[in-house]
Amino acid sequence: MSEHFLQVPEWSWNQTAIEEPTYVHQWVKPLNVLERTPDLILYGAPISRSSISVSGASLYPTEFRRMWKGFATYNLDENVDLCSFQVADAGDVAMHTTDILLSHQRIQKTTAYLAAHYPNTPTCMIGGDHSTTACAVRGIKDAFPSETIGILQLDTHLDVRDPKELGPANGTPIRQLIDGQVVNGENVINIGLHGYYNAKPLIDYANDHKIQMVTLKQARKQGLINTVQRALEQLSAKVDRIYVTVDMDVLDISVAPGVPASTPGGLSAIELFDSLLEIGKHPAVRHIDYVCLDPSKDSAVSETVKVGTYAWLQFITGLVLR
């Protein structure tokens, strides 16, 4: 049992009792107070010691929740109020101060616990660096050992660096899952690759294991939404459940400076928002994470945290529109 790894989130900013919530901080409820099965379970994995580069991504789950005060539950563009959709916050997985492997084991066990006890409820993990994705996917495999998992990855990087050289770092999660036979390479689709940020040996590994690489240039030429829809249809035809991982460094540095590996030439905020709306609509998507957002690298206006919160709400809007 792994529920003891979950720490109750800070709810000090959620003290106002009103009949009908209008802002996100009034709408999301702690998992331990709900009387019915929620429509989405949220949990945090605040670790960044496993990041190759210096990262404060462990700060994001808290800053993400603090940003809720700035967002209403009503989506003007889609004419959808999210209030009737119940999001439950399970809190954050307790991280060990120094033991990375123990922290990773806790993320895996907690994800397995949530998936097994709420088998029909989508889960959303807020990282943390990208090493957390490998832990979460292994946890889902523990909960559903007979099922095949596909991964849709929105990322500037392949994340297939060798853990034998780096340990279970943030540049290795996809390789960990493929080498560990948790996921087949042909069931991984990466959309958002661009520029000069993946060395040739990493491309060779991806080709050898049949990872499907869609560059951002290709996606824009084909139409980004069409590309995302085709990827989801392709995966859903082969796998039992889809895990979506959103590395926030897929965004252009101009809109998301608060990531450890910010790059020029990435997605615009609108492209990410539109993509996540489509992802949320697809019934085979059962799990999602948002990783590698470092609030300490943001400016005073917290633009990256705001983009991350908006991106999360877009996914939920897609779930409602299912």
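Everything here concerns the structure above.
What you see is a predicted model; the values in this text were computed from it and never measured.

Cut-offs and rules
Counting restarts for each chain: residues are numbered from 1 in the order of the written sequence. Thresholds applied to this predicted model are a pLDDT of at least 70 for local features of residues and 80 or more for the giving and counting of side-chain atom pairs; totals over whole chains, interfaces and linings are not thresholded and use all residues. Excluding hydrogens and water, the side-chain figures rest on all heavy atoms present in the structure. Among buried residues, those of type Ala, Val, Leu, Ile, Met, Phe, Trp, Tyr and Cys that are joined through side-chain atoms within 4.5 Å constitute a nonpolar core. For the exposure calls, accessible area comes from a 1.4 Å probe over protein chains only, and a residue counts as buried if that area is under 20% of its type's maximum, exposed if over 50%, partly exposed in between. The way it works is that DSSP assigns letters per residue, a run of H or I at least four long becomes a helix, a run of E at least two long becomes a strand, and they are numbered from the N terminus. Residues are treated as being in contact if the distance between any of their heavy atoms lies within 4.5 Å. Only the contacting stretch of a helix is used when fitting its axis, a line to C-alpha atoms as for every element, and angles between N-to-C directions run 0 to 180 degrees. In this scheme, roughly parallel covers angles under 35 degrees and roughly antiparallel covers those over 145, while 65 to 115 is roughly perpendicular and the rest are oblique. Throughout, a crossing is termed right-handed when the near helix is turned clockwise from the far one, and left-handed when it is turned anticlockwise from it by less than a right angle. Any Phe, Tyr or Trp ring, taking Trp's six-membered ring, that has another such ring centre within 6.5 Å forms a pair; planes under 30 degrees apart are called stacked, those over 60 apart edge-to-face, and the others tilted. Sitting over a ring, as applied to charges here, requires NZ of Lys or CZ of Arg to be within 6 Å of the ring centre and within 35 degrees of the ring normal. Under the convention used throughout, the expected extent of a helix is 1.5 Å for every residue step, that is, one less than its residue count. The arc in question is the one spanned by the directions pointing from the helix axis to the C-beta atoms. The term polar contact refers here to a pair of N or O atoms within 3.5 Å; inside protein, the definition further demands a hydrogen-donor-capable atom paired with an acceptor-capable atom, and it admits residues adjacent in sequence only when both atoms are side-chain atoms. Here, two cysteine sulfur atoms that lie within 2.5 Å of each other are counted as a disulfide. Lys, Arg, Asp and Glu make up the charged group, whereas Ala, Val, Leu, Ile, Met, Phe, Trp, Tyr, Cys and Pro make up the nonpolar group; the residues left over, Gly among them, are polar. Pairing between strands is defined by DSSP: at least two bridges between the two strands are required. Convention used here: a crossover is right-handed provided that the path from the first strand, over the helix, to the second strand proceeds clockwise when the strands point away from the viewer.

A. The arrangement of the nonpolar core in detail. Trp27, Leu152, Ile191, Ile279, Tyr290 and Trp312 are the most contacted members of the largest nonpolar core, which has 56 residues in total. Of all the elements, helix H11 (residues 303–321) adds the most residues to this core, at eight residues. Those residues within four positions of Trp27 in sequence are excluded, and the remaining contacts are Pro21, Thr73, Leu82, Cys83, Phe85, Gln86, Val87, Trp312, Leu313 and Ile316.

B. View of the packing of helix H9 (residues 224–236) against helix H10 (residues 269–281). Where H9 meets H10, the closest approach of the two axes is 10 Å, and the angle between their N-to-C directions is 30 degrees. Judged by the inter-axis angle, H9 sits roughly parallel to H10. Judged by the sense of rotation from one axis to the other, the crossing of H9 with H10 is right-handed. Here Leu224, Ile225, Val228, Gln229 and Leu232 of H9 lie close against H10, whose contacting residues are Glu271, Asp274, Ser275, Glu278 and Ile279.

C. Representation of the packing of aromatic side chains within the structure. Summed over the entire model, instances satisfying the criterion amount to seven aromatic pairs. Plain terms: the ring middles of Trp27 and Trp312 are 6.4 Å apart, the flat faces sit at 45 degrees to each other, and that makes the pair tilted. Of this pair, Trp27 sits in helix H1 (residues 24–27) while Trp312 sits in helix H11, and the two are 285 residues apart along the sequence. On the basis of relative accessible area, Trp27 is assigned to the buried category, the value being 2%. The exposure class of Trp312 is buried, given its relative accessible area of 0%. With a centroid separation of 5.0 Å and an interplanar angle of 85 degrees, the aromatic rings of Phe64 and Trp312 are classed as edge-to-face. Here Trp312 lies in helix H11 and Phe64 lies in helix H2 (residues 60–66), a separation of 248 residues in the sequence. Among the aromatic residues, those joined into a ring-pair cluster are Trp27, Tyr60, Phe64, Trp68 and Trp312. Residue placement shows Arg241 over the ring face of Phe144; its charged tip is 3.8 Å from the ring centre.

D. Representation of H9. With 13 residues, H9 should reach 18 Å at 1.5 Å per residue; the first-to-last C-alpha distance of 18 Å fits that figure. Buried within H9 are the following residues: Leu224, Thr227, Val228, Ala231, Leu232 and Leu235. Around the axis of H9, the buried residues are gathered within 130 degrees of arc, so they sit on the same side.

E. Just the side chain of His194, in detail. Mapped onto the elements, His194 comes out in the loop between strand E9 (188–193) and helix H7 (200–208). Of the residues examined, His194 reaches a relative accessible area of 13% and is grouped as buried. A distance of 3.3 Å separates a polar atom in the side chain of His194 from a polar atom in the side chain of Thr263. Here Pro264 takes part through its backbone oxygen, which lies 3.3 Å from a polar atom of the side chain of His194.

F. Structural context of the state of the cysteines. Within the structure shown, the criterion is met by zero disulfides. Cys135 forms no disulfide, and the closest cysteine sulfur to it belongs to Cys292, at a distance of 12 Å.

G. Examining the packing of H10 against H11 more closely. For the pair H10 and H11, interaxial distance at closest approach is 6 Å and the crossing angle is 30 degrees. If you check the angle between H10 and H11, you find them roughly parallel. The chirality of how H10 crosses H11 is right-handed. Contacts between H10 and H11 involve Ala269, Leu272, Phe273, Asp274, Leu276, Leu277, Ile279, Gly280 and Lys281 from the first element and Val307, Tyr310, Ala311, Gln314, Phe315, Thr317, Gly318, Leu319 and Leu321 from the second. Of the residues contributing to the contact of H10 with H11, the split by class is twelve nonpolar, four polar and two charged.

H. Up close: the pairing of strand E8 (residues 149–154). Counting buried residues in E8 gives six out of six residues, a clear majority hidden from the surface. Because side chains alternate across E8, one face comprises the buried residues Ile149, Ile151 and Gln153, and the other comprises Gly150, Leu152 and Leu154, equally buried. Here E8 runs beside strand E11 (residues 241–247); their pairing, made up of six bridges, is parallel. Bridged to Leu152 within E11 is Val244.

I. View of H11. Relative to the 27 Å expected for 19 residues at 1.5 Å per residue, H11 spans 27 Å between its end C-alpha atoms, a close match to the ideal helical length. The element H11 is extensively covered by neighbouring structure, given that 14 of its 19 residues are classed as buried.

J. Representation of the environment of Thr73 within the structure. In this structure, Thr73 sits in the loop between H2 and strand E4 (74–75). On the accessibility criterion, Thr73 (2% relative accessible area) is buried. The sequence separation of Thr73 and Trp27 amounts to 46 residues, and the corresponding C-alpha distance is 7.5 Å. For Thr73, the contacting residues outside a window of four places in its chain are Pro21, Thr22, Tyr23, Val24, Trp27, Val80, Asp81, Leu82 and Cys83. Here Asp81 takes part through its side chain, which lies 3.0 Å from a polar atom of the side chain of Thr73.

K. A look at the pairing of E9. Counting buried positions along E9 yields six of six residues, so the element is predominantly enclosed. The pairing of E8 with E9 spans four bridges and is parallel. Considered in E9, the bridge of Gln153 is made with Asn190. Here four bridges tie E9 to strand E10 (residues 212–215), and the two strands are oriented parallel to one another. Along E10, the bridge assignment pairs Ile191 with Val214. For the segment spanning E9, H7 and E10, crossover handedness is right-handed.

The analysis is restricted to geometry; functional conclusions fall outside its scope.
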